[in-house]
Amino acid sequence: RPPSSGDAEQHNSMARSHSEGLPKLPVPPLQQTCERYLAALTPIVDPEELNHTRKLLEEFQKPGGVGERLQKGLEQRGKKMENWLSDWWLQTAYLDYRMPVVVHSSPGVVLPRMEFSDRQGQMRYAAKLIAGVLDFKSMIDNETLPVEYLGGKPLCMNQYYQVLSSCRIPGTKRDTVVNYTLDKRPPTHITVVHNFQFFVLDVYNSDGTPLTVDQIYIQLEKIWNSSLQTNKEPIGILTSNHRNSWGKAYDNLIKDKTNQESVRAIQKSIFTVCLDAPMPHASDDMYRTRAGVQMLHGGGSRWNSGNRWFDKTLQFIIGEDGTCGLIYEHAPAEGPPIVLTVEKLFSHEMVRTPMVPLRMPQKLHFNITPEIKMDIEEAKQNMNIMVHDLDMKVSVFSHFGKDFPKSQKMSPDAFIQMALQLAYYRIHKRCCPTYESASLRMFRLGRTDTIRSTSIDSDKFVKAMDDPAKHNIEKVALLDKAVKAHRAYADMAIRGQAIDRHLLGLKLQAIEDLAALPEIFMDTSYAVALHFNLSTSQVPAKTNCVMCFGPVVSDGYGVCYNPMDTHINFAVSAFNSCQDTNAARLAQALEDALLDIKTLLEQTPKAKL
């Protein structure tokens, strides 16, 4: 049985001990948000629209008016809940969202390429990785995970407690997430999938100690050898379909008792390991991009897209050809905790152990009716359409990393974001709504808010940059101002004072009150502001990895970057179905913009302060 919401509460109580003592997420002042909203709209909507919105906002803020009433409602909610936003955000951003999780929601992470001389190498690596996750799990179970800090402030560690032994469950109208960590008998197995066939692998001995690397290796060999047939139905591809279709197919699938037990075993598993078949060979400069799409969608139904259970929170992918990484279902957690989990894995050493004969891992069986077969065919077709539509470019910018912006006393993140603004402007001749995620983990159960990187100042800078009438000294001053404005917005966001989640809260409060939706939410400006043509995220890591995700709008880009000391890893995505966007073109424009800004700074004498 899936745990009831009561179990989720219990799970949060464990998480609470990891966020006790942390402040609650504030509800920003109404007037502040309205002023900042107008400023954020200025570079992205035309003047008449802006004027219309200004009038609506004045109306909204009238004393004793709608805004004041909703604001009071939010403040009340803030008093009685651990976090006024987190449940709403989980629902609206993830569980109510009906597009496939593949490409549209789940990020992929490409790890450094491995050289496997043979499949034993692949199994060894998989065994080490599994042992590493079990090590990490013991820190979670014993609650000895060291608290992270940001600018001297402790961060909420709750997300780490949501990643293992959890799974998303499809519904015909909205999904749910289950977490089995606090069950009376918490799961002791992982799932391994090879050639589209799923296996339960027990990873603990009867005395509760985890299996060693050697033991896991032997079990993986058994799994490999008993799943050599390549003609099996890819049942996992069902999880990649549109959520309503998958919800219907799911209800139908689990009517059969065998199927239900198999599905439950996958959902309950601590995590999933996908042993992938080799992908078509790619040239060195294309290799990273191909690895990126393999993590995001598996390459299509004839490659590895059926070798997944996309609803599983954490799936590690280990290719026979040395391509490794993971994909995670986004509802329970953000990128940084996932990446940090991975960073802790590779400190694992081999231990030789006496060999106890171990039971054969259990194969999960599925009874495929003609109806299920049709659902699989539909999911395959839709997956292949998505695969053809995703335009991806993963690149390494090797000219400099965080080192150069730091030498200029500029925030590396703000520097990269301004280069991205310039790159977009050069291609599209306009500024666009830009989303950069900011962590709210300074607060209890905090998730994210939005840094709006397109500002009045960034707008002035990008327009001046290629204007021959402007002198370099003026361009540098505008760049400096834009970088500082971005830094200020980012600081404001991590302190819970950004505008996006507050506006969402006011809107959801109106819906909850069964009141008429305020005009500001029916306004064209609001729709424009939420149409993020650039959806971006900085996911820094010590390992040389890169995270990738799809665009959030049909005519947009997804841009993820990991700034290292002397280089920057970038992943840029777009949709082929949109004529105006091209991932490789934006990646190239970004590289040019970074170099042009560096040249500008180097050629301009520092103004005497």
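Going by the annotation in an unreviewed UniProt entry, the name recorded for the chain is Carnitine O-acetyltransferase, with Cyprinus carpio given as the source organism. Annotation of the chain in UniProt includes, under Subunit (unreviewed entry), the sentence "Monomer." In its Sequence similarities (unreviewed entry) section, the UniProt entry covering the chain states "Belongs to the carnitine/choline acetyltransferase family."

Strands pair in a sheet through their backbones, by hydrogen bonds, and they do so in one of two ways: parallel or antiparallel. The strand order across the open sheet formed by six strands is 12-18-17-15-13-14, and the pairing between neighbours is mixed. Strands with a single pairing partner mark the edges of an open sheet, and in this sheet they are strand 12 (390-397) and strand 14 (448-452). Taken over all neighbouring pairs, the strand axes of this sheet differ in orientation by 20° on average, direction set aside. Relative to the sheet, helix 17 (residues 472-494) contacts strand 13 (434-439) and strand 14, its axis offset from that of strand 14 by approximately 165°. This element, helix 20 (residues 583-603), spans strand 12, strand 15 (534-538), strand 17 (557-563) and strand 18 (568-575) of the sheet and lies at about 25° to strand 12.

In this section: the UniProt feature "active site" (unreviewed entry) in the chain. Mapped onto this structure's residue numbering, the UniProt feature "active site" (unreviewed entry) falls at His 330. Structurally, the position occupied by His 330 is in the loop between strand 10 (324-328) and helix 12 (335-343). In this view, His 330 contacts Tyr 94, Ser 105, Ser 106, Pro 107 and Arg 447; residues no more than four positions away in its chain are not counted. Looking at His 330, its side chain comes within polar contact range of the side chain of Tyr 94, at 3.2 Å.

Before going further, it helps to spend a moment on the packing of helix 9 (residues 243-253) against helix 13 (residues 370-389). In the contact formed by helix 9 and helix 13, the axes pass within 10 Å of each other and the chain directions differ by 155°. Classified by the angle their axes make, helix 9 and helix 13 are roughly antiparallel. Note on packing geometry: the crossing formed by helix 9 with helix 13 is left-handed. Contacts from Ser 245, Ala 249, Asn 252 and Leu 253 in helix 9 reach Glu 371, Ile 372, Asp 375 and Glu 378 in helix 13. Each residue belonging to the contact of helix 9 with helix 13 can be placed in one class, and the counts come to three nonpolar, two polar and three charged.

Ranked by size, the top nonpolar core spans 54 residues in total, and within it Ile 130, Ile 190, Ile 216, Leu 220, Phe 271, Leu 314 and Phe 316 carry the most contacts. When residues in this core are grouped by element, the largest group, 11 residues, is from helix 6 (residues 119-141). Residues within four places of Ile 130 in sequence aside, it is in contact with Ile 190, Val 203, Ile 216, Leu 220, Phe 271 and Val 273.

Its place among the elements puts His 388 in helix 13. By relative accessible area, His 388 is classed as exposed at 64%. Each C-alpha atom of the pair His 388 and Gly 299 lies 9.2 Å from the other, and the pair is 89 residues apart in sequence.

Parameters and conventions
- Residues numbered from 1 in each chain as written.
- Predicted model: local features only at pLDDT ≥ 70, side-chain atom pairs only at ≥ 80, totals over all residues.
- Heavy atoms only, no water.
- UniProt positions renumbered as here; feature names shortened; annotations may be inferred.
- Pairing = 2+ DSSP bridges.
- Helix = DSSP H or I, 4+ residues; strand = E, 2+ residues; numbered from the N terminus.
- Axes fitted to C-alpha atoms, helices over the stretch in contact; angles between N-to-C directions.
- Contact = heavy atoms within 4.5 Å.
- Polar contact = N/O pair within 3.5 Å; in protein donor to acceptor, adjacent residues only side chain to side chain.
- Parallel < 35°, antiparallel > 145°, perpendicular 65-115°, else oblique.
- Left-handed = near helix turned anticlockwise from the far one by under 90°.
- Nonpolar A, V, L, I, M, F, W, Y, C, P; charged D, E, K, R; others polar.
- Core = buried A, V, L, I, M, F, W, Y, C linked by side-chain atoms within 4.5 Å.
- Buried < 20%, exposed > 50% of the residue type's maximum accessible area, 1.4 Å probe, protein only.

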